[in-house]
Every structure is written in C-alpha cells, then in structure tokens.
Amino acid sequence: MNEAEAIFLFAKIWGAIGACVALIFLTIGIERIDEDADGAYVFRPLLIPGILLIWPLVLWRWYILADGKDEWSSRYKPRRTAHHWIAFAMPVAIILVLVLGLSQRQIWPADFVPQQIAPAAQVSQ
Amino acid sequence: MSVKYTPVQWNRNKWLYDGVMLIGVVLFLYVFLFVSPEILSHEFPINPQVHNARAFGAAAFVMLTVILCIGPLARIDRRFLPLLYNRRHFGVMTTFVAITHAGFIIDWYFAFSSSNKFEALLFANTSYTQLAGFPFEVFGVFSLLTLLLLAVTSHDFWMKFLTPPVWKRLHSFIYLAYISLVAHVSFGILQDQQNHTVTVIFIGGALCVAGLHAYAAWLDLRKGDKPGTEKDGWIEVCKTSDIENGFAKIRVLPGGDRVAVFNQDGKLSAISNACAHQNGPLGEGKIIDCLVTCPWHGFQYNVTNGRSPAPFTEMVPTYNLRLSGDSIEVQTQANPPGTYVEPVPLPDAKPQEVMA
Amino acid sequence: MSQNDKPFFVGYFPIPGQLKGFLALISVGVVLLFLLAGLVIGSTQDDPGQSGFRFDYGRQTVTGVVELTPYPILRVTEGNDLIKPGKTLMLAAAGKSGVDARAAPHEGGLVQVSGIVLQRGTIDMLQLAGGQRGLSAAEGDTPEFDTEPLGRWKLAGEICDGKCLNGAMRPGRGLAHKACAALCLINEVPPVFVSSQPVEGSDFMLITGLDGGRLPDMAYDFIGQFITLEGELERRGDILVLRMDPETLEVIDG
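This is a predicted model, so every value here is computed, not measured. (Residues numbered from 1 in each chain as written. Chains lettered and ligands numbered in written order. Predicted model: local features only at pLDDT ≥ 70, side-chain atom pairs only at ≥ 80, totals over all residues.)

Let us now look at the overall build of chain A. When you go through chain A residue by residue, the secondary structure sums to 3 helices and 1 strand. When the helices and strands of chain A are listed from N to C terminus, the series reads α-α-α-β. For a compact globule of 125 residues, the expected C-alpha radius of gyration is about 14 Å, and chain A comes in at 28 Å, more than 25% above that figure. Judged by the C-alpha coordinates and their principal axes, chain A covers about 90 × 45 × 25 Å. Considering chain A as a whole, with its 125 residues, one finds that 20% of them fall into the buried category. Counted over contacts in chain A with a minimum sequence separation of 6, partners at least 24 positions apart contribute 73%. (Helix = DSSP H or I, 4+ residues; strand = E, 2+ residues; numbered from the N terminus. Rg over C-alpha atoms; globule rule 2.2 N^0.38 Å. Buried ≥ 20, exposed ≤ 12 C-beta atoms within 10 Å, placed from the backbone. Contact = placed C-beta atoms within 7 Å.)

Okay, the overall build of chain B next. For chain B, the helix and strand inventory stands at 12 helices and 13 strands. Along the first, second and third principal axes, the C-alpha set of chain B runs to 85 × 40 × 35 Å. Split into buried and exposed, the 356 residues of chain B put 53% on the buried side. Here the contacts in chain B between residues at least 6 apart in sequence split such that 59% fall between residues at least 24 apart.

Here we take up the sheet that holds strand 2 (residues 230-231) of chain B. All names here are of chain B. The 4 strands lie next to each other as 2-3-12-11, forming an open sheet whose pairing is antiparallel. Looking at strand neighbours, the two that pair on one side only are strand 2 and strand 11 (321-324), the edges of this open sheet. Bridge count for strand 2 against strand 3 (residues 234-239) is 2 bridges, and the pairing is antiparallel. Each bridged residue has a counterpart across the sheet, and for Lys231 the counterpart in strand 3 is Trp234. (Pairing = 2+ DSSP bridges.)

Before going further, it helps to examine the interface of chain C and chain B. With 54 residues of chain C in contact, the opposing surface of chain B contributes 63 residues. At the level of elements, helix 1 (17-42), strand 1 (51-53) and helix 5 (178-186) of chain C are the ones that each hand at least two residues to the side of chain C that touches chain B. When residues in the side of chain C that touches chain B are grouped by element, the largest group, 15 residues, is from helix 1 of chain C. Of the residues contributing to the side of chain C that touches chain B, the split by class is 27 nonpolar, 21 polar and 6 charged. (Nonpolar A, V, L, I, M, F, W, Y, C, P; charged D, E, K, R; others polar.)

Each pair of packed helices can be described by the angle between their axes along with the distance between the axes. All names here are of chain B. One can describe the packing of helix 1 (residues 12-40) onto helix 2 (residues 48-76) by two numbers: an axis separation of 10 Å at closest approach and a directional angle of 150°. The two elements helix 1 and helix 2 meet at a crossing, and its hand is right-handed. Where helix 1 abuts helix 2, its residues Val25, Phe28, Leu29, Phe32, Leu33 and Pro37 lie against His51, Asn52, Ala55, Ala58, Ala59, Val62 and Met63. Of the residues that constitute the contact of helix 1 with helix 2, the class distribution is 11 nonpolar, 2 polar and no charged. (Axes fitted to C-alpha atoms, helices over the stretch in contact; angles between N-to-C directions. Left-handed = near helix turned anticlockwise from the far one by under 90°.)

This part takes up the domain arrangement of chain B. Residues and elements named next belong to chain B. Parsing chain B into structural domains produces domain 1 (12-223) and domain 2 (230-355). Relative placement of domain 1 and domain 2: their C-alpha centres are 39 Å apart. Counting residues at the interface gives 7 residues for domain 1, matched by 6 residues for domain 2. Counting residues per element, the ones that place at least two in the side of domain 1 that touches domain 2 are helix 3 (81-85) and helix 8 (164-171). Along the lines of polarity and charge, the residues of the side of domain 1 that touches domain 2 split into 6 nonpolar, no polar and 1 charged. (Domains from an automatic or database assignment.)

Across residues other than glycine, the phi torsion is negative in most instances, and most of the peptide bonds are trans. In this structure, the amide linkage connecting Ala310 of chain B to the following residue, Pro311 of chain B, adopts the cis form with an omega of 5°. For Pro311 of chain B, the location among the structural elements is in the loop between strand 9 (300-302) and strand 10 (318-319). Of note, the amide linkage connecting Arg170 of chain C to Pro171 of chain C takes the cis form, showing an omega dihedral of 0°. Unusually for a residue other than glycine, Asp232 of chain B sits at a positive phi of about 55°. For Asp232 of chain B, the location among the structural elements is in the loop between strand 2 and strand 3. Judged by the 8 C-beta atoms lying within 10 Å of it, Asp232 of chain B is exposed. Even without being a glycine, Asp289 of chain B presents a positive backbone phi close to 50°. Tracing the backbone shows Asp289 of chain B in the loop between strand 7 (286-288) and strand 8 (291-293). Taking the number of C-beta atoms within 10 Å as the measure of exposure, Asp289 of chain B has 7 and is therefore exposed.

Time to look at helix 1 of chain B. Over its 29 residues, helix 1 of chain B runs 40 Å from end to end, which matches the ideal 42 Å to within 8%, given 1.5 Å per residue. At Phe34 of chain B, helix 1 of chain B shows its maximal bend, which comes to roughly 35°, and the proline Pro37 of chain B appears one to four places after that position. Taken together, the buried positions of helix 1 of chain B are occupied by Asn13, Tyr17, Val20, Met21, Gly24, Val25, Leu27, Phe28, Leu29, Val31, Phe32 and Ser36 of chain B. On its buried side, helix 1 of chain B packs onto helix 2, helix 3 and helix 4 (87-109) of chain B together with helix 1 of chain C. Just beyond helix 1 of chain B, the residue with positive phi is Ser41 of chain B, at close to 35°. (Expected span 1.5 Å × (residues − 1). Bend = angle between axes of the 7 residues up to and from the residue.)

What follows covers the interface of chain A and chain B. The partner chain B presents 55 residues to the 44 residues of chain A that form the contact. Secondary-structure elements contributing two or more residues to the side of chain A that touches chain B are helix 1 (3-33), helix 2 (48-66) and helix 3 (83-104) of chain A. Broken down by element, the side of chain A that touches chain B gets its largest block of residues, 14 residues, from helix 3 of chain A. Of the residues in the side of chain A that touches chain B, the class split is 27 nonpolar, 9 polar and 8 charged.

Core analysis: the largest hydrophobic core is formed by 180 residues, its most contacted members being Ala59 and Val261 of chain B together with Leu91 of chain C. Core analysis: the second largest hydrophobic core is formed by 17 residues, Phe25, Ile30 and Leu47 of chain A together with Phe157 of chain B among them. (Core = buried A, V, L, I, M, F, W, Y, C linked by C-beta atoms within 7 Å.)

What links the strands of a sheet is backbone hydrogen bonding, and the strands pair in either a parallel or an antiparallel sense. Residues and elements named next belong to chain B. Taken together, the 3 strands give an open sheet; going across it, the order is 7-8-9, and neighbouring strands pair in antiparallel fashion. The sheet is open, and its two borders are formed by strand 7 and strand 9, each paired with just one other strand. Between one strand axis and the next, the sheet turns through 40° on average, direction left out of account.

All names here are of chain B. Direction vectors running N to C along helix 4 and helix 6 (residues 137-152) enclose 145°, while the axes themselves pass 9 Å from each other. For the crossing formed where helix 4 meets helix 6, the hand is left-handed. Listed contacts from helix 6 to Gly91, Val92, Thr94, Thr95, Ala98, Ile99 and Ala102 of helix 4 are Gly140, Leu144, Leu147, Leu148, Leu150 and Ala151. Grouping the amino acids of the contact of helix 4 with helix 6 by side-chain chemistry returns 9 nonpolar, 4 polar and no charged.

See the structure below:
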C-alpha cells in the first residue's frame with residue numbers, strides 16, 4: 001500500500017464512522033439537545049455531510065450538551081478578539097506566497113543554442 | 001432563529017442577493033465558456049475539459065476574492081453590511097463552483113491511467129521538497145476541503161450546536177483556504193501563463209483582499225472599541241450625555257468581553273455586545289420597535305433582559321450598571337443570559353422621553 | 001449627523017430608501033465585475049500550440065520494425081499515403097499508457113500497427129488500437145536499420161510526456177501539466193525533451209537514461225521546468241533520441 005492508498009483508506013474509515021454517528025445523532029440525538037430540531041425533519045439530511053467531516057467534534061458537543069456541561073459564558077466570546085492577528089498575518093502570507101511564486105517563474109530559454117560538446121564516437125553500431 | 005429549523009432560509013432580500021450573485025457567476029461562466037473560444041480562435045483549441053476547468057477555477061477564485069472583501073468593506077463602511085447579510089449562500093455557491101473545477105481537473109489530468117484517479121492526484125507529482133514544480137494541486141485540495149467543511153456546516157443548527165465562537169473559529173479557516181488558493185494559482189497556472197493579463201487580475205484580487213483586511217484591522221486598532229479601566233469590579237463606560245437615544249456605547253471589559261450600554265428612551269441598559277447567533281456586534285446595532293437589532297443578521301433582543309421576543313428563544317447576558325456622577329459604570333461580571341436588570345434612568349432625561 | 005439618520009439595514013425588512021441606490025450600484029458593479037473578469041480571463045489564455053489527435057485522418061495502418069529505446073518506436077517499412085516508409089513513429093496506447101509490454105516481444109521484428117495519429121508539425125506518434133488490432137506480428141523481410149550517433153550535446157528545454165506534447169492534451173506541457181505528464185511517464189508513455197532550438201532539424205526528441213534505459217527517476221522532479229542538460233544524441237530514422245546524463249541536469253535561473 002502506498003501513501004495515497006493509505007490516505008484514502010483512512011478517509012473511507014473516517015467517513016464510515018461519521019455515517020454511523022450521523023445515523024444515531026440525526027434519529028435520536030438531535031432533538032434531545034436542540035429544541036428547535038424537535039419535529040423538524042426536512043433539514044436533517046442537510047447535516048449529514050457535516051457530521052461525516054467533523055464527527056469527533058459532533059460527539060464531543062453532543063456529550064457536553066446532553067450532560068448539561070455547556071457553559072453559557074463560552075457562547076459570548078467572539079472570535080474578533082483574536083481577529084487582528086489574522087487580519088495582519090493573512091496579508092503578509094498572501095504577499096509572501098505571491099513573491100515566492102513569481103520568483104520561481106522561468107523564461108523559456110529561446111536564445112539558448114544547442115551545443116555539440118563532443119563529436120560522435122567513431123565506432124558506430 | 002428559534003423556530004423550527006428549515007433546510008434553507010430565504011426572504012425577499014436573500015432572493016435578491018442570491019439572484020444578483022447567481023447572475024454574476026452565470027455571466028462569468030457563460031462568457032468564459034462560450035464567448036472566449038470565439039475570441040481566442042486557436043487553430044487547435046484548448047481542450048474543452050481544460051477550458052471548463054479553467055472557467056470554473058477562475059470563477060471560484062473571483063468569487064472567493066469578492067467574499068473575502070465583504071467583511072473588511074463592511075467594517076470600513078457600514079453601507080456594505082447588506083452584503084454580509086447573506087454571504088453564506090454565496091460561500092456555498094463558491095463551493096459548488098470549486099467542486100466542478102476539481103471534477104474537470106481530476107477527470108482529465110488524473111484520469112485515463114490504470115490508477116485510481118483520486119490516488120493519482122496525490123502520487124503523480126511527488127516533488128514536495130522543491131518550490132518550482134511543487135505539487136500545487138495539494139494547495140487546491142486543502143482549499144476545496146476547507147470550502148466543503150464550511151459549506152456543510154453553514155446551517156444555523158451548527159452555529160447553535162458548536163457555539164458561535166467555535167463556529168466562527170472553524171469558519172475563519174477561510175483565511176487559510178484563501179492563502180492556500182493563492183499558492184495553488186501561484187505555483188500552478190501562473191508559472192506557465194505567457195499572457196500576463198491573468199497574472200495582473202490574480203495579483204490585483206489577492207492584494208485587494210490583503211490590503212482591505214490590513215486596512216480594516218488598522219482602522220479598528222485606531223478607532224475601535226476602547227477598554228475601560230476596572231475599579232472594584234466596575235468600569236466606566238462613558239458620560240451620561242454620550243449615548244444617543246436608541247443606540248449604544250461599547251467598552252471592552254478586562255477579560256476581553258465587550259459590553260454594550262444602550263439608551264432606550266432615556267433609560268440605560270447593558271447587555272453583552274456578542275449576539276447569540278454569530279456573535280455579531282450588538283452595540284453597533286440600534287433599537288427598533290423597543291428591541292436591540294443586530295447589524296449583521298437582524299436578531300433582536302429586549303435590552304432589559306437580553307431575551308429575544310417569542311417565539312424566538314435566543315438570549316444574551318446582561319450587565320448591572322449604575323451612575324457615578326455623570327459617568328455610567330458597568331459591573332464587569334455578566335449576569336446569566338436572560339437576567340432582567342432594572343434600567344437606570346438618565347438624570348437629565350426629559351420626562352416625556354422617559355414616558356415614551 | 002445623528003446615528004439615527006444613517007440607514008440601518010435589517011435583512012427581513014424592506015431595504016432603507018437611502019441604501020437602495022448604493023446597493024443597486026453595487027449589484028450592477030458585481031455583475032459587471034464578473035462579466036468582465038470572465039471575458040478577460042477567458043480570452044487571454046495562451047495558445048496551446050499546433051498539435052492534436054488527427055481523428056479526421058482516420059485510422060492508419062502501417063508496417064515496420066519495432067525498436068526499443070527502451071521506449072518502443074516503429075521504423076516504418078511499408079507505409080501509406082500519410083505515413084511514408086522511412087518514417088519513425090513513437091508508439092503509445094489509449095489513455096495514459098505505453099505499449100512496452102505489447103511491443104517488447106517483437107523487438108527487432110516486423111509488425112503491423114494500427115491507430116490514430118498524433119500530430120505536432122510532423123506526425124510523430126501513433127496511438128495504437130487495443131489488442132491484436134493495434135499491434136501484431138507481420139510476415140516479410142525484416143530490414144536492418146542504422147542508429148547514427150551524433151555526439152554529446154548540451155541542450156536547454158523541458159521534459160514532457162510525448163503523448164500530451166503531441167497534442168493528446170492542449171496544453172500538454174508546463175508546470176500546471178506536470179502531474180499529468182508524470183502520470184503518463186509512470187505508465188510508460190515515451191518521454192520527450194523539447195529543445196529551445198532545433199537540433200539536427202528537430203525541436204524535440206525522445207529522452208532516455210544514459211545507459212539507454214528508462215528515464216531516470218530523478219528527472220521526474222524536473223518535468224515541466226526549464227532545464228539544461230547534456231547527453232548522447234543519436235538519430236533513429238527521422239527522430240532523435242537523447243540519452244541524458246543525470247549529473248548534468250541544471251534548472252535555468254529566472
């Protein structure tokens with residue numbers, strides 16, 4: 001098995017576990033932890049791809065909410081407090097990537113004249 | 001909002017928004033796919049699969065560039081806020097366009113061999129240790145996976161389930177995805193392109209995103225919400241005359257949380273600045289029909305108890321406040337969401353305003 | 001100005017009058033931006049070059065002698081209107097695959113091949129049909145062909161896969177195409193070197209290892225990049241074969 005095959009095997013296993021989580025969560029879990037989902041069924045299939053991708057996070061949040069461990073203050077801590085860091089780091093990264101990319105660009109060596117360095121050996125086949 | 005979840009929420013403005021964006025994208029694809037081959041008129045034309053892949057790839061880049069410009073634009077000039085309102089729909093649209101791009105590439109450059117085409121995507125070029133000739137496809141894969149992750153977690157359910165801060169952090173991966181997209185283009189098509197029109201458009205777009213973010217952040221550092229100084233668990237917010245009726249003053253609390261002190265008809269109330277929906281800045285909103293209205297998506301709260309009007313069930317924390325001379329002070333410790341706090345009348349409020 | 005005079009947009013309410021003009025302008029602007037971007041980006045793509053499959057010529061059937069360079073080539077002995085005797089053809093199969101396994105048993109022997117022509121200026125490659133139809137032993141005299149050594153050369157240019165370069169894909173070279181070219185070469189499509197200027201009348205040549213074996217693994221990292229290298233050049237009919245010296249491969253600056 002090469003690395004590519006291993007990565008795809010991992011992705012398949014990840015997705016399969018996610019599918020199991022999705023099945024249980026969307027049938028019996030969701031309405032116990034979110035009253036807005038009680039009686040709402042049409043939107044549930046829409047959540048399946050998300051659960052496939054981030055099922056460990058889903059299990060974690062499910063556990064926190066079902067266990068009543070959700071701390072209300074954690075809901076009101078906007079990311080914007082850390083946004084300055086991103087807002088300045090991203091432009092730097094973009095410029096860095098652009099400069100690196102442009103620095104690698106090559107020009108077709110149209111002027112290079114093929115050079116014969118040594119004549120053919122006398123022995124021919 | 002806290003009524004039963006539906007698959008997609010639409011209203012008149014959202015239809016308009018989606019309509020305008022869709023027209024833009026469809027026009028982009030139409031002229032790229034059907035008009036440009038006529039203009040190019042190459043004797044041996046570019047393969048349709050490559051042409052299609054480029055059309056969808058270029059569209060995804062322009063779309064993501066526009067999306068990322070909306071945030072800082074709305075912070076620089078509030079008139080752009082309506083563009084923020086339905087940005088998620090445009091993001092999902094971008095994901096579909098990006099998937100189409102990837103589909104054409106994989107079905108062309110990585111198909112027709114004895115190997116699995118998805119595996120081939122990872123092993124065909126293994127020059128991971130060099131810059132030139134680096135397998136730039138992996139940058140695209142990263143961006144696409146991120147877009148997918150954001151699209152599939154874009155439903156409001158996820159926001160409530162994961163909590164707005166976690167959801168927002170997850171969705172701030174979009175910045176990494178954009179950097180990765182810039183790398184995908186820089187180490188891909190940009191290396192080969194001889195006509196530099198695309199190079200200029202691409203660099204211009206990327207620099208727009210970079211520049212707007214830096215400028216908006218710099219503005220925020222200069223003019224943004226100021227921290228208050230704490231004294232015995234209370235901080236001074238502003239003078240009693242500073243808050244216009246129907247609006248708020250925002251202060252950053254010692255722990256980094258923000259409080260918004262509203263003046264509703266001469267009475268003061270303090271609530272968390274973070275909306276329960278997406279943690280939008282409530283203090284930058286205004287009171288409409290006796291309800292604080294978030295400037296991002298219009299979620300509303302009663303300013304005295306931080307509760308959304310029925311049938312909605314969202315709540316935000318409230319804060320105790322008091323007057324000290326002509327200063328308004330707020331207790332730094334928040335009350336649990338939905339706690340009623342008796343409004344504090346402004347001393348110089350005209351009686352009729354209080355009556356109102 | 002009082003904050004109250006500034007327009008305040010709420011998504012589920014009608015758009016405030018003061019914002020209508022601005023938003024209409026932005027909407028038109030966004031649509032125009034997309035339209036123009038699509039038009040300009042679409043219509044400034046580079047010409048992918050004069051090459052392609054010639055399905056319009058129909059299926060070609062010729063006879064010749066198989067040589068392994070180690071990539072199989074065919075020295076045509078009995079041609080047709082399009083492909084004359086004396087012509088040398090590189091051979092490949094459909095998709096991203098070569099015909100090494102099918103051609104090897106016939107090394108030095110006379111075969112009949114049948115397939116679709118790939119043309120880039122001159123006709124230099126034939127994509128063989130599957131099975132016996134595409135390649136089968138032929139009866140008749142098997143002439144001897146010369147390989148003319150041309151000495152050691154230093155060349156500048158780019159390593160590609162011979163099939164895409166010959167028009168199986170347009171564009172079929174460069175770094176954006178690198179992974180596809182590598183996939184072709186892994187699957188035994190003959191590799192070629194495109195020279196900055198013609199050598200002995202040809203601007204591209206089959207490229208192999210120095211010992212006449214397959215393209216060395218190290219060369220895969222330089223596919224699509226502009227490089228200089230040295231190697232032993234030889235002529236086989238009307239195509240050139242470059243046996244590259246891996247020690248001399250250098251990436252061109254800038």
